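An overview of the molecular structure
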Amino acid sequence: MTTPSEANRPTVSHFASTAFLVGAVLISVLPLLLVALNTFKPHADIVSNPLSLPTSFNFQNFARAWNGGHFATGIVNSLLLSGSTVILTLTCASLAAFALARRHIRFWQLITIYFLCATTVPIQLFLFPLYFVYAKLGLIGNVFGTALILSAINLPISIFLLRAYVLSIPRDIDDAAFMDGANPLQTFWHVILPLMRPGLITVAIIVFLNSWNEFLITSTFQKGREHLTMTLGYLSMNGTYATDQGAMMAGAFILIAPIIVFFLVMQRFFIAGMTAGAVKG
Amino acid sequence: MIPQRAYHYAFVSPALLLSIGIVLVPALLTFAVAFMDWDGASLPSFVGLSNFAAVFQDGVFWGALFDNVQWTVIFLTIPMTIALVTASILMSRKKSGAVYQIIFLLPYVLSPVANAVIWQNIIFDPVSGLLGYISHNFFPIQDPLTDTRTALYAVAGVDIWHFWGYLTVVFFAAMRQTPEDQLEAAFLEGANGWQVFWNITLPNILPTVALMFVLVTIFSFLTFDYVYLITQGGPARSTEMLSTFAYSFAFTSFEVGKAATVALVMSFFGLIASVVYVWISRSGFDA
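Since the structure is predicted, the reported quantities are computational estimates derived from the model, not experimental observations.

**Some thoughts on the environment of I111 of chain A**
By the secondary structure assignment, I111 of chain A is in helix α6 (residues 108-119). Measuring from C-alpha to C-alpha, the distance between I111 of chain A and Y234 of chain A comes to 40 Å, with 123 residues separating the pair along the chain. Excluding residues within four positions of it along the chain, I111 of chain A makes contact with L100 of chain A together with V12 and L16 of chain B.

**Regarding helix α3 (residues 59-91) of chain B**
Here α3 of chain B spans 47 Å end to end across 33 residues, near enough to the 48 Å set by a 1.5 Å rise per residue. When the local axis directions of α3 of chain B are compared, the greatest deviation, roughly 25°, occurs at F75 of chain B, which is followed within four positions by the proline P79 of chain B.

**Concerning the packing of α6 of chain A against helix α8 (residues 143-167) of chain A**
All names here are of chain A. Where α6 meets α8, the axes come as close as 8 Å, and the angle between the chain directions of the two elements is 125°. Classified by the interaxial angle, the pair formed by α6 and α8 is oblique. The crossing of α6 and α8 is left-handed. Between α6, through F115, A118 and T119, and α8, the contact on the second element is made entirely by P156, I157 and I159. Here the residues of the contact of α6 with α8 sort into five nonpolar, one polar and no charged.

**So, the domain arrangement of chain A**
The domain boundaries assigned to chain A delineate domain 1 (4-60) and domain 2 (69-237). Relative to domain 2 of chain A, the C-alpha centre of domain 1 of chain A lies at a distance of 37 Å.

**Describing the interface of chain A and chain B**
Contacts between chain A and chain B engage 82 residues on the former and 81 residues on the latter. Counting residues per element, the side of chain A that touches chain B draws most heavily on helix α2 (residues 12-38) of chain A, which supplies 14 residues. Classifying every residue of the side of chain A that touches chain B by side-chain character gives 60 nonpolar, 19 polar and three charged.

Rules used throughout
Residues numbered from 1 in each chain as written. Chains lettered and ligands numbered in written order. Predicted model: local features only at pLDDT ≥ 70, side-chain atom pairs only at ≥ 80, totals over all residues. Helix = DSSP H or I, 4+ residues; strand = E, 2+ residues; numbered from the N terminus. Contact = placed C-beta atoms within 7 Å. Expected span 1.5 Å × (residues − 1). Bend = angle between axes of the 7 residues up to and from the residue. Axes fitted to C-alpha atoms, helices over the stretch in contact; angles between N-to-C directions. Parallel < 35°, antiparallel > 145°, perpendicular 65-115°, else oblique. Left-handed = near helix turned anticlockwise from the far one by under 90°. Nonpolar A, V, L, I, M, F, W, Y, C, P; charged D, E, K, R; others polar. Domains from an automatic or database assignment.

Here it is as structure tokens:
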């Protein structure tokens, strides 16, 4: 719906609100633009004016950032960590969402309330004993050990998002599959899972970004140079490369450019999942 | 034949076991450890309430708690207001609104590490940052991160920059659920933008605003990433939060008992808000 007054004649309030939006856009992208602007500049040019356009395109910054940020190690660890977190979370959450939505089990209410409480549980409430148990088990630095933790953190929200998709699938479909002799696992695999594909994509994207960006757990459990993720490798440059801002900006570019592209391609799913749980009717 | 119910128990158990093993059992251990003296490696010994006594007598604890309270007040007002205003403006531009919300979300989808390091180096830094450039060429600005009076607000500014887009997108989505006939009626009666917001849009999205209020309160008492990345609680502990305070107990001085104690205190504030959150969300149970 377009309101007649807003659409046809520009008013003072319309002008003011446009100015507000433009300001908001500028503030949102300014630090990111500065990264793009300074990525190709040598340190001296950045120090003399961070707002100036690059006069030459020097790719040396990228080479130094790639080595200094240990990105070759980081990208492998980040992909392993986020990839295994997504697979584990999707498997556990989709199965649990099906069981909780269909309510064939006793205590489904209790389990639902447990996961609801787990959505907002502070990481610090379980971090410290968990760390020292992991240390005893020799799991510090193990990406799959860390993926277990990130999965546990992402499970509750994933279960609730997927449960909504299962609830939108009529029970008659389960019953029809049952009549045809399918057991619940076959029903889940052949009937439910294909029908909740948009939900699975949404959850996969959100969990992937969450675990790619996660800091507290990752920095605590992925200690040691060979265990660094991309974000941790870049963080290790901070301070030591203070006099090589060209490399710092190139490192930031390496870190954020793929995520921005990924987000722009997937934003529809991301926004759908983000708002699904938060908008209350 | 295996009964149908058995399958469903098997379906829910991987998620339940994972969550119990990683979250519930260690959380219960935290309760126990808060009453013990433990360095994380040797055997813990029971010390009663002495961790609580030591923490409550520590001035840094109260400073951290006060910083968390300030953080909560800041986040419940500034990003909430900006997001409500922005979402209302986007309501009158529903076509371009889709583009605006993507731009506003960019900082939200980037990692705290990237955001914090970018701000430190290219905005705040007195040598290489934008503030340094302005300071050298136009008028003097002190690096806000090195001043105990401003550091907390500078860090909060970066976190707000990263977070407000999330609130905007959520509010915008909620506002689009407003019944069209109510909006049309208001415009026919000549209501201005503020009247429409106050009398129609806001009442309609009130449950969402309430939910965000609770979530922001929870996150404010747990906030860690930006503070730890940008100031590590400094300068002179002026940005110390309960989370960074607990973290340094556990991993710098290896007083895990005290770390657990502080974790319990911050969880307590989160818990109060969580009870409200579960209460607000309970309507979803029967959906």
